[in-house]
Every structure is written in structure tokens, then in C-alpha cells.
Amino acid sequence: MTSIRHHPDSATLMSFAAGALAEPLSAACSVHVSMCAQCRGELRDMELVGAALLGSTSAPGARVRPPARPPEPAVAEPAGDGISDALPAPIANRYGLALDQIPWKRLAPGVWQHRLALSPSAQGELYFIKLAPGCRLPLHGHAGAELTVVVTGAFTDASGEFRRGDIQDIDNSIEHQPLGDKEEGCICLVAAEGPYLLKL
């Protein structure tokens, strides 16, 4: 089974459980949770605590909504090395995409992007980014929170290595320059509150 080492910040997961994350961030968190048994368990606990707190403050006879069911695992990981190239179910089902059907747009040598549509009133951005082996993004900062979930391969930056299922949870205080794995490259789902800010 894939070993997931990087998880969302507790505050991010709590906001996700409460339905308070912006649409793109919620989509990325849903993808990670669908791949991560640890976070599914934490989410279940948060929702149970939330339901209990609502129950204790409700008027007598008021009905409390049961906690939402956490996402099921996105794909059955195969036996053996635990590698799967399937898109996680929350994103595959919503957009009707398979990994080999993504219509990539080339941004630079070794870098491709595919933007995903959001609801008309949604703020932020949601897109796939693909890095060829050994290619990197330019050094950049962020105009708000950014969640990056690795779908295939791996990338590294100053904060460590991120592999399939890992999520990087950063804010506008962070600048980084992700580098695709030298053998596999990577495909990631990126959710951001605003555009990234290039550092010249």
C-alpha cells in the first residue's frame, strides 16, 4: 500500500470537515482524503465531535444532521509495489477524466497544465500540473493558500519529497520551486486561492 507521509494541516482538515474551505481547496482535500486512510479516520472523528457538539447545544427536540460519510478510497491499490496511475475518484468522477485523457497545454519545456472548471461563483484556481523528469517550476510565491496533491510520480522542494497521495499545504508566506522526480516526473492536482507569483 502506498505510504502517505504528508497530510493537510489540522486547521485545513477541520475546515474541510465543516464545509468551510473554498471550492478548489475542498476539491484537493477531498482527493487527498480519498487516498489517505489516516485522514479519513481523522475526518470521521472531527465530524462525530462536531455532531456531538451540535447535539449538546440544540434545542430540545431539534434534529441534528449526522456527520457526512468520509470519502471511500479512490482506487483499489494493486498488490505488490502499491503504485496506481488512476486518477482519484473524486476528481475523475466530477470531471469525467482519465489520466491518459487529460488535454495538456504546454507552458514551458517539460511543464504542462490543464485547468479544471469551477462553479461560476467560486474563487481560486484548480488545475493539473505535469512536470517531465528532472524539470522544475520557476521560483514562485502564492497569493493565498495552496494545496498540491501528488497523483503520479513525485516532486521535491525545500520542504521535502512528496509522492502519490501526499499533499503539500502552504500559504502566502512560502516561496518554492518544485522539481519533478528525475525518473518519473510528476502529475499533481493544484488548488489555490489565487494565482502564483513569479519571483524574478
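This text goes with the structure placed above it.
The structure reproduced in this document is the subject of the present report. Quick caveat: nothing in here was measured; it's all calculated off a predicted structure.

### Topic: the pairing of strand β5 (residues 146-157)
- When you tally the buried positions in β5, you get 11 out of 12 residues, the bulk of the element.
- One ladder, built from four bridges, connects β5 with strand β7 (residues 167-170); its direction is antiparallel. Residue pairing across strands places L147 opposite D169, the latter belonging to β7.
- Note that β5 and strand β9 (residues 186-192) share seven bridges and pair antiparallel. Opposite T152, over in β9, you have I187 as the bridge partner.
- The pairing of β5 with strand β6 (residues 160-163) spans four bridges and is antiparallel. When the bridges of β6 are listed, D157 appears paired with G160.
- Counted between consecutive antiparallel strands, the loop separating β5 from β6 contains two residues.
- Here β5 runs beside strand β8 (residues 179-180); their pairing, made up of two bridges, is antiparallel. Paired with F155 across the bridge in β8 is G180.

### A few points about the nonpolar core
- One finds L87, I91, F128 and L189 to be the most contacted residues of the largest nonpolar core, which totals 30 residues.
- Of the residues forming this core, the biggest block, seven residues, is contributed by helix α2 (residues 23-35).
- If you look at the next biggest cluster of nonpolar residues, it comprises 11 residues, including V111, Y127, L137 and V150.

### What to know about the packing of aromatic side chains
- This structure, assessed with the given rule, holds two aromatic pairs.
- With a centroid separation of 6.5 Å and an interplanar angle of 70°, the aromatic rings of W104 and F128 are classed as edge-to-face. Linking W104 in the loop between α4 (89-95) and β1 (105-108) with F128 in strand β3 (residues 125-131), this pair joins segments that are 24 residues apart in sequence.
- Classification of F128 by relative accessible area gives buried; the value is 0%.
- Between F155 and F162, the ring centres sit 5.0 Å apart and the planes meet at 15°, which makes this aromatic pair stacked.
- Classification of F162 as buried rests on a relative accessible area of 3%.
- Cation over ring: K130 sits above W112, and NZ or CZ is 5.2 Å from the ring centre.

### Notes on α2
- The terminal C-alpha atoms of α2 lie 19 Å apart, and with 13 residues this matches the ideal 18 Å at 1.5 Å per residue to within 8%.
- Here α2 lies mainly inside the structure; 11 of its 13 residues are buried.
- For α2, every residue scored as buried is listed here: P24, L25, A27, A28, C29, S30, V31, H32, V33, S34 and M35.

### Focus on the pattern of salt bridges
- This structure, assessed with the given rule, holds six salt bridges.
- With its nearest N and O atoms 3.8 Å apart, the salt bridge here joins R115 to E125. Placement of R115 in strand β2 (residues 111-115) and of E125 in strand β3 is noted, with a sequence separation of 10 residues between them.
- With relative accessibility at 19%, the residue E125 sits in the buried group.

### Comments concerning helix α1 (residues 10-17)
- When α1 is considered as a whole, its buried residues turn out to be T12, L13 and F16. Within α1, the buried residues cover an arc of 95° as seen down the axis, which keeps them to one side.
- Its side-chain oxygen placed 2.8 Å from the backbone nitrogen of A11, D9 serves as the N-cap of α1.
- Positioned one or two residues after α1, G19 has a phi angle of 75°, which is positive.

So, how was this worked out
Residues numbered from 1 in each chain as written. Predicted model: local features only at pLDDT ≥ 70, side-chain atom pairs only at ≥ 80, totals over all residues. Heavy atoms only, no water. Buried < 20%, exposed > 50% of the residue type's maximum accessible area, 1.4 Å probe, protein only. Helix = DSSP H or I, 4+ residues; strand = E, 2+ residues; numbered from the N terminus. Pairing = 2+ DSSP bridges. Core = buried A, V, L, I, M, F, W, Y, C linked by side-chain atoms within 4.5 Å. Phe/Tyr/Trp six-rings, centres within 6.5 Å; stacked < 30°, edge-to-face > 60°. Lys NZ or Arg CZ within 6 Å of the ring centre and 35° of its normal. Expected span 1.5 Å × (residues − 1). Salt bridge = Lys/Arg side-chain N within 4 Å of Asp/Glu carboxyl O. Arc of directions from axis to C-beta. Polar contact = N/O pair within 3.5 Å; in protein donor to acceptor, adjacent residues only side chain to side chain.

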